[in-house]
Amino acid sequence: MLGKLDWSAIPFDQPIPLIAGAVVLIGILAVLAWVVVKGHLPYLWHEWITSVDHKRIGVMYILLASVMLLRGGSDAIMMRIQQAIAYQSQGYLPPEHYNQIFSAHGTIMIFFVAMPFVIGLMNLVVPLQLGVRDVAFPTLNSVGFWLTATGALLVNLSLVIGEFARTGWLAFPPLSELSYSPGVGVDYYAWSLQISGVGTLVAGINLVTTVLKLRTKGMNYLRMPMFCWTTLASNLLIVAAFPILTATLAMLLLDRYLGFHFFTNEAGGNVMMFMNLIWAWGHPEVYILVLPAFGIFSEVVSTFSGKALFGYRSMVLATMAICVISFMVWLHHFFTMGAGPDVNAIFGIASMIIAIPTGVKIYNWLFTMYGGRIRFATPMLWAVGFMVTFIIGGLTGVLVAVPPADFMLHNSMFLVAHFHNVIIGGVLFGAFAGFEYWFPKAFGFRLDERWGKRAFWFTFTGFYITFVPLYVAGMLGMTRRMQHYDVAAWRPWMIAAAIGMAVLTTGVICQIVQLVVSIRNREALRDRTGDPWDGRSLEWATSSPPPVFNFAFHPDVRGEDAYWDLKAHAKQQSLEHESPEYHDIEMPRNSPTGFVCAFFATIMGFALIWHIWWMVILGGIGAFATFVVFAWRDHDEYVIPAAEVARIDRVNLEERRSLVSMAGAV
Amino acid sequence: MAVTATYGDAHADPHHVGRAAEHPGPASKRIVTAYGFWIFLLSDIVMFSCFFAAYAVLADQIAGGPKGSEIFDQRNVAIETVCLLLSSFTCGMASIAADVRSRFWFYLGMAVTCLLGLIFLVIEFKEFADLVSRGYGPSRSAFLTSFFSLVGCHGLHVSAGVLWLLTMMAQVFAKGFRADVLRRMMCFALFWHALDIIWVGVFSVVYLLGSGV
Ligand code: HEM
Ligand SMILES: [Cu+2]
């Protein structure tokens, strides 16, 4: 009846996951109760859960990422404490539990923090920057988000019901095969990634189509803001790489569920094939994450330097070059597997070539700052902090891309330090910069600068105190994924790293405080002009938060830095023009499709993990029924009458005129 | 946002692309839908290429089991291929019928497409069932694993296509040739033709090359 599920799935003997699970459960129930009692449920349902507005969906993505950052961060704290005290002792975590933690940490950070964060920012900003009303497929967009949420939910369920994988975040066989991992951990891993992967693919298709086909009048390719370019590159990579992950996980699942022999040791299965496939996805994945961050830094650096981006065209070229080369270097992840010196040499060189376009970007940012009027607002701090950190990470990366060096450093703490260097310094700093930069656009008020700066400095220093020791430990020969150790020389570095983690955590807490303080003071921090940073691209041309339709008219773009040019001209002509003629606007209707789909996907995923076959069938029928019902709808759009558009737009115009006349007076 | 068309041409075009090359604005719904679906198809083809690659790697790993040449029945495969190619043709006819709003020819074209698809599936299912009953199931060897997965993945796509096809017929029946129904029909046709192309790949790589071994 319930497949493999019985009471033994709940770890009554392990206090940590139980307590954590109970706290989370109580938290969720409390929030739910509050929502219901306060009567917010209809609001949540109509304005958020069923919303197909790209801005709302973007915000929900970022919210999901933030919550999961806390979860993944707790795992990191637990690991750092364990390694600090586990010198010649067992520490406080049993080995199989420690293994689940590092697997869950990596999986969550990559798939449920970094991915949703960048996809959320792209969703929020790209249609605005392109001067259009929505993404190409609004309802699908909602489906994509909710499927990602399903994946996150399943991973968290594994905390209390059953277990998570003990295989690392890429679930290498044969360890992940049934014979070595008979529990449900790997199944949790594979199904949650499979489901959220569909969501990611949907988001990728959506954003590629949006950038390629929905640009406002005059927005030629070479006038798109840099963030749109990196979005395009990143999503092209998603479309090309995520199907590889889907296929690979499908093969692993077939091995586990039906006794197939793709990656087994018996009957001719081939483990190296898994390595090749997973890294053919995995290496582009790194650039899927970091390219949007590059885009954010480009926007931030040029805005806060008061200058157009230096070498815009070379930046575009570098972006697309990275997009292509990132597909040709995957083998550097297993230099040590015996492919032979020739193959290793070729892939080693290819890996180093990718440093060239990346270097181009760094120089362009520096030249953008050079001679500019730089304002060190919080987003700019993150950008500068990123440049410093990323250069170090890049250098150590070149080091591990040299085959002989890699034989020394493979799977050492050095490697762990390197990729955190890149992924925290690149992706996470980028996400934070984007968060601070676009927050006023999304919510209509700025974030508190003082707490923002504190958050930056704690995170920045905490980061170095945590990860520089790991480089050292790696050089001293410490390998990764160690549950406990007996080498005295490593100990001080592990303690230092744990202290760094505490500083880093303080940074995260500052960020939470910043949010609370800013919401409290939102009246004082209100952004009435829609353009709090004196921005250069079109998202700043509309009010904050933008109306559902974003723009009353599709803007007509005449050059790079569309909004900057407009402002310059508006100052000369002081925004005087005949009252425009407004038209009705058609917008897509809200739809529960995404949420219902995710509901059935959750049921199906859970049932598959626990081999509850009738429930799988039920979920499948439900999903198909949702699809048909959605396809059956008759009215998928509603009309906002011209008068309403005019009313909303006039308010925005008034605010803007007063801004321009004030600026003109200076 | 009254920012349209208010400032003069005095503002130089930095890249001298000229007005002729100006981007005209967002594309129509039809184009956007077709474009998005194309991209989806490309990603689907990437997924298939992984299974092709796996087949290429594992084809010789027979682990003492049968080789391809010992189990493939060329006659069945030929019938399957004819069915699928014909169904692509009838699917095209149905699309044309939809374009000229002819219900009768639309239903006929779709019904025949469905029938051909089902025949294909039945033959494939019998082939699989037959192999399994002889003890040559997918867990017999890595070769058979990759064979069943590649061919089965295509078969799953055909099954999904048949479901979609029936939904399309019901939609035309209930709603007529509305613009959104026509857009979906266009996507369905793209999907069905893509399956055909993939089958040509399967046919050549698995059955033709395999029987030579
Ligand atoms: C906030 C500070 C962070 C700390 C202190 C931290 C700490 C750690 C530690 C201790 C490990 C295990 C290393 C080992 O023994 O093998 C680890 C692994 C990992 N971390 Fe982090 N991490 C942090 C943030 C992140 C972020 C933001 C990401 C990605 C976006 C990330 C991705 C990963 C991955 C992919 C692994 C590999 C997991 C595996 O071995 O399978 N981490 N991290
Ligand atoms: Cu790589």
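Predicted model, so just to flag it, every value in this text is computed and none were measured.

Trainee: Got a sec to walk through the overall build of chain B? Specific residues and values, please.
Mentor: Summing up its helical and strand segments, chain B has 6 helices and 0 strands in all. The N-to-C order of helical and strand elements in chain B reads α-α-α-α-α-α. Taking all 213 residues of chain B together, 52% fall into the buried category. Considering only contacts in chain B between residues 6 or more positions apart, those separated by 24 or more positions represent 82%. Summed over its atoms, the accessible surface of chain B is roughly 9,500 Å², and 71% of this surface lies on carbon and sulfur atoms.

Trainee: Quick rundown of the overall build of chain A? Include the residues and the values.
Mentor: When helices and strands are tallied, chain A shows 21 helices and 2 strands. Considered along the principal axes of its C-alpha atoms, chain A spans approximately 75 × 55 × 45 Å. Per-residue burial over chain A gives 59% buried out of 666 residues. Counting only contacts in chain A whose residues sit at least 6 apart along the sequence, the fraction spanning at least 24 positions is 84%. Accessible surface for chain A amounts to roughly 25,500 Å². Of this, 72% is attributable to carbon and sulfur atoms. Within chain A, the 41 negative side-chain charges are centred at a point lying 7 Å from the centre of the 40 positive side-chain charges.

Trainee: Please give an account of the interface of chain A and chain B that cites residues and values.
Mentor: Listed as interface residues are 66 residues of chain A and, on the opposing side, 56 residues of chain B. Buried surface at the junction of chain A and chain B, both sides included, amounts to about 5,200 Å², of which 65% is carbon and sulfur. Looking only at chain A, the three residues that lose the most surface to chain B are Lys213, Arg558 and Trp632 of chain A, adding up to 15% of its buried area. Joining chain A to chain B, the criterion identifies 1 salt bridge. As a salt-bridge pair, glutamate 637 of chain A and lysine 29 of chain B come within 3.0 Å of each other at their nearest N and O atoms. Counting the contacts that link chain A with chain B gives 5 residue pairs in polar contact (both at pLDDT 80 or more). Tallying contributions element by element places helix 7 (residues 226-258) of chain A first for the side of chain A that touches chain B, with 10 residues.

Trainee: I'd like a description of the coordination of the iron atom of ligand 1, backed by residues and values.
Mentor: All names here are of chain A. Surrounding the iron atom of ligand 1 are the protein donor atoms His105 (NE2) and His420 (NE2), which sit 2.0 Å from the metal. Classification of the site at the iron atom of ligand 1 as octahedral follows from its 6 donor atoms and the range of 88 to 180 degrees in their angles at the metal. Here the residue histidine 105 occupies a position in helix 4 (residues 95-129), and histidine 420 occupies one in helix 14 (residues 413-443), the gap between them amounting to 315 residues. Using a relative accessible area of 11% as the deciding quantity, one classes histidine 105 as buried. The buried category is assigned to histidine 420, whose relative accessible area is 15%.

Trainee: Provide a residue-level description of the nonpolar core, including the pertinent values.
Mentor: Of all hydrophobic cores here, the largest spans 247 residues; its most connected members are Trp281 and Trp365 of chain A together with Phe106 and Phe147 of chain B. Sort the elements by how many residues they give to this core and helix 8 (residues 271-305) of chain A lands first, with 21 residues. The contacts of phenylalanine 147 of chain B, once residues within four sequence positions are left out, are Tyr55, Phe72, Glu127, Phe128, Leu131, Gly152, Val206 and Tyr207 of chain B. Counting 11 residues, the second-largest nonpolar core is a separate cluster that includes Phe549, Ala552, Met587 and Ile640 of chain A.

Trainee: So what's going on with the site of ligand 1? Residues and values would help.
Mentor: Residue and element names in this part refer to chain A. Neighbouring residues of ligand 1: 23 residues in total, closest His105, Trp169, His420, Arg481 and Met501. Within the side chain of histidine 105, an N or O atom sits 2.8 Å from a nitrogen atom of ligand 1. At 2.8 Å, a side-chain N or O of histidine 420 approaches a nitrogen atom of ligand 1. Contributions of two or more residues to the shell around ligand 1 are made by helix 3 (54-85), helix 4, helix 14 and helix 16 (491-520). Residue composition of the shell around ligand 1, grouped by class: 15 nonpolar, 5 polar and 3 charged.

Trainee: Report on the pattern of salt bridges, specifying residues and quantitative values.
Mentor: What the rule picks out here adds up to 14 salt bridges over all chains. The network of salt bridges with common partners includes Arg178, Asp180 and Arg184 of chain B.

Trainee: How would you explain the packing of aromatic side chains if you had to name every residue and give the values?
Mentor: With the rule as written, the count across this model stands at 75 aromatic pairs over all chains. Relative to tyrosine 471 of chain A, the ring of phenylalanine 414 of chain A has its centre 5.0 Å away and its plane inclined at 65 degrees; by these criteria the two rings are edge-to-face. In this pair, phenylalanine 414 of chain A is assigned in helix 14 and tyrosine 471 of chain A in helix 15 (residues 449-475), connecting sequence segments 57 residues apart. For the pair phenylalanine 414 of chain A and tyrosine 471 of chain A, one class covers both residues: buried. Ring centres of phenylalanine 120 of chain B and tryptophan 199 of chain B lie 4.9 Å apart, and the angle between their planes is 90 degrees; this geometry places the pair in the edge-to-face category. Here tryptophan 199 of chain B lies in helix 6 (residues 179-212) and phenylalanine 120 of chain B lies in helix 4 (residues 103-133), a separation of 79 residues in the sequence.

Trainee: Break down the packing of helix 5 (residues 138-157) of chain A against helix 6 (residues 185-213) of chain A for me, citing the residues and quoting the values.
Mentor: All names here are of chain A. Packing of helix 5 against helix 6 brings their axes to within 8 Å, and their N-to-C directions diverge by 160 degrees. Taken together, the axes of helix 5 and helix 6 lie roughly antiparallel to each other. Crossing angle aside, the handedness with which helix 5 passes helix 6 is left-handed. Within the contact between the two elements, helix 5 uses Leu140, Asn141, Gly144, Leu147, Thr148, Thr150, Gly151, Leu154, Val155 and Leu157 and helix 6 uses Tyr188, Ser192, Ile195, Ser196, Val198, Gly199, Val202 and Asn206. Class assignment for the residues of the contact of helix 5 with helix 6 results in 9 nonpolar, 9 polar and no charged.

Parameters at a glance
Residues numbered from 1 in each chain as written. Chains lettered and ligands numbered in written order. Predicted model: local features only at pLDDT ≥ 70, side-chain atom pairs only at ≥ 80, totals over all residues. Heavy atoms only, no water. Helix = DSSP H or I, 4+ residues; strand = E, 2+ residues; numbered from the N terminus. Buried < 20%, exposed > 50% of the residue type's maximum accessible area, 1.4 Å probe, protein only. Contact = heavy atoms within 4.5 Å. Areas by Shrake-Rupley, 256 points an atom, 1.4 Å probe, with all protein chains shown as cover. Lys, Arg positive; Asp, Glu negative; His and termini not counted. Charge placed at Lys NZ, Arg CZ, Asp CG, Glu CD. Buried area = accessible area lost by both parts, 1.4 Å probe. Salt bridge = Lys/Arg side-chain N within 4 Å of Asp/Glu carboxyl O. Polar contact = N/O pair within 3.5 Å; in protein donor to acceptor, adjacent residues only side chain to side chain. Donors = N, O, S within 2.8 Å, 3.2 Å for Na, K, Ca; no water. Tetrahedral: all angles 85-135°; square planar, octahedral: opposite > 155°, others 65-115°. Core = buried A, V, L, I, M, F, W, Y, C linked by side-chain atoms within 4.5 Å. Near = heavy atom within 4 Å. Nonpolar A, V, L, I, M, F, W, Y, C, P; charged D, E, K, R; others polar. Phe/Tyr/Trp six-rings, centres within 6.5 Å; stacked < 30°, edge-to-face > 60°. Axes fitted to C-alpha atoms, helices over the stretch in contact; angles between N-to-C directions. Parallel < 35°, antiparallel > 145°, perpendicular 65-115°, else oblique. Left-handed = near helix turned anticlockwise from the far one by under 90°.

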